[in-house]
Structure formats: structure tokens, C-alpha cells
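# Examining the three-dimensional arrangement
Residue-level listing of the chains:
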Amino acid sequence: MMYPSEAEFGFGSPDDAEAWNRVQHCVNGGTDMPILVNRGLGREKPNDLGQQTSHATDETGMREAYAMWKRMMIDGN
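Given the structure is predicted, the values throughout are model-derived calculations rather than measurements.

### What about the overall build of the chain?
Broken down by element type, the chain carries two helices and four strands. In the chain, the succession of helices and strands from N to C terminus is β-β-α-β-β-α. Burial analysis of the chain (77 residues in total) assigns 8% to the buried set. Residue pairs at least 24 apart in sequence account for 18% of intrachain contacts in the chain once pairs closer than 6 positions are excluded. Counting only carbon and sulfur atoms, one obtains 59% of the accessible surface of the chain, whose full area is about 7100 Å².

Listed below in C-alpha cells is the structure:
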């Protein structure tokens, strides 16, 4: 017997279904809908290696991922 939380995609929860519904809604939002990754902006500090660090809930990693994607698109690599 398969329970609602044990779908073919693996274990899930009602929260996962809600998140998926919101993703689907936003995907249809249009090209003018901004992607906000500003949580923690301004709280970042460089560590000993010069890398930006911040609180675990900040979106520093997402900002860097988008920045790297942009660099790769511009460089053609």
C-alpha cells in the first residue's frame, strides 16, 4: 500500500506538495516577475580566505550561484 507521503518521487510531506504548487504557480508568473535573493544582503562578511560568509538562512549561496551562471554565460564556457 502506498501512503500519500510515499509517492514515486520518494518521501514527501504536505509541505512538499505546497512548495511544488507554489513553484508551478510562479513558473507561470511571466518574465516580468523578479527573482528575489536578497535575504541577508549586507550582512555578509569575508572569511579568512576572502569568501563571503553569512548566516545559514541568508541567500548568499544563491546570489553566488546566479553570479557564476552569469559569468559563465558571458564567457561562453
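### Focus on the environment of Thr 60
In this structure, Thr 60 sits in helix 2 (residues 60-75). According to the relative accessible area criterion, Thr 60 is buried, its value standing at 11%. Beyond its immediate stretch of four places on either side in the chain, Thr 60 contacts Glu 44, Gln 52 and Ser 54. Of the polar contacts made by the side chain of Thr 60, one reaches the side chain of Ser 54; its length is 2.5 Å.

### Thoughts on a nonpolar patch on the surface
Judged by side-chain polarity, Met 68, Trp 69, Met 72 and Met 73 come together as a nonpolar surface patch covering roughly 430 Å² of accessible area. Mapping Trp 69 onto the fold places it in helix 2.

### Section: the pattern of salt bridges
Tallying each qualifying case throughout the model produces five salt bridges. In this structure, Arg 22 engages Glu 18 in a salt bridge whose closest nitrogen and oxygen atoms are separated by 2.7 Å. Here Glu 18 and Arg 22 lie together in helix 1 (residues 14-27), a separation of four residues that amounts to about one turn. Two residues, Arg 39 and Glu 59, come together in a salt bridge whose shortest N-O distance is 3.1 Å. A residue pair is termed long-range when its members are at least 10 positions apart, and Arg 39 in the loop between helix 1 and strand 3 (45-46) and Glu 59 in the loop between strand 4 (52-53) and helix 2 qualify at 20 residues.

### Focus on the side chain of Asp 58
With respect to the helices and strands, the residue Asp 58 is situated in the loop between strand 4 and helix 2. If sequence neighbours within four positions are ignored, Asp 58 has contacts with Arg 39, Gly 40 and Arg 43.

### With respect to the confidence of the model for the chain
Across the chain, pLDDT averages 78, with 74% of residues at or above 70. At the low end of the mean pLDDT range in the chain sits strand 1 (residues 6-7), at 50; at the high end sits strand 3, at 92.

Reading the values: rules and limits
- Along each chain, residues carry numbers from 1 onward, in the same order as the chain's sequence is written.
- Reporting in this predicted model follows two pLDDT cut-offs: at least 70 for local features of residues, and 80 or more for side-chain atom pairs to be given and counted; totals over whole chains, interfaces and linings ignore these cut-offs and use all residues.
- Excluded from the side-chain calculations are hydrogens and water; all other atoms, namely the structure's heavy atoms, are used.
- Only DSSP runs of H or I with at least four residues qualify as helices, and only runs of E with at least two residues qualify as strands; both kinds are numbered from the N terminus onward.
- The classification of residues rests on relative accessible area computed with a 1.4 Å probe and restricted to protein chains. Under 20% of the type maximum is buried, over 50% is exposed, and intermediate values are partly exposed.
- Throughout, a residue-residue contact means that at least one pair of heavy atoms, one from each residue, lies within 4.5 Å.
- Values of accessible area rely on a 1.4 Å probe in the Shrake-Rupley scheme; residue burial ignores everything except the protein chains shown.
- Nitrogen and oxygen atoms within 3.5 Å of one another constitute a polar contact, given that in protein one can donate a hydrogen and the other can accept it, and given that sequence-neighbouring residues count only through two side-chain atoms.
- A patch consists of residues whose relative accessible area exceeds 30% and which take part in no salt bridge; residues with like charges are grouped when within 9 Å of each other, and nonpolar side chains (Val, Leu, Ile, Met, Phe, Trp, Tyr) when within 5 Å.
- The working definition used for a salt bridge is a side-chain nitrogen of Lys or Arg within 4 Å of a carboxyl oxygen of Asp or Glu.
- In predicted models, pLDDT denotes the confidence assigned by the predictor to each residue on a 0 to 100 scale.

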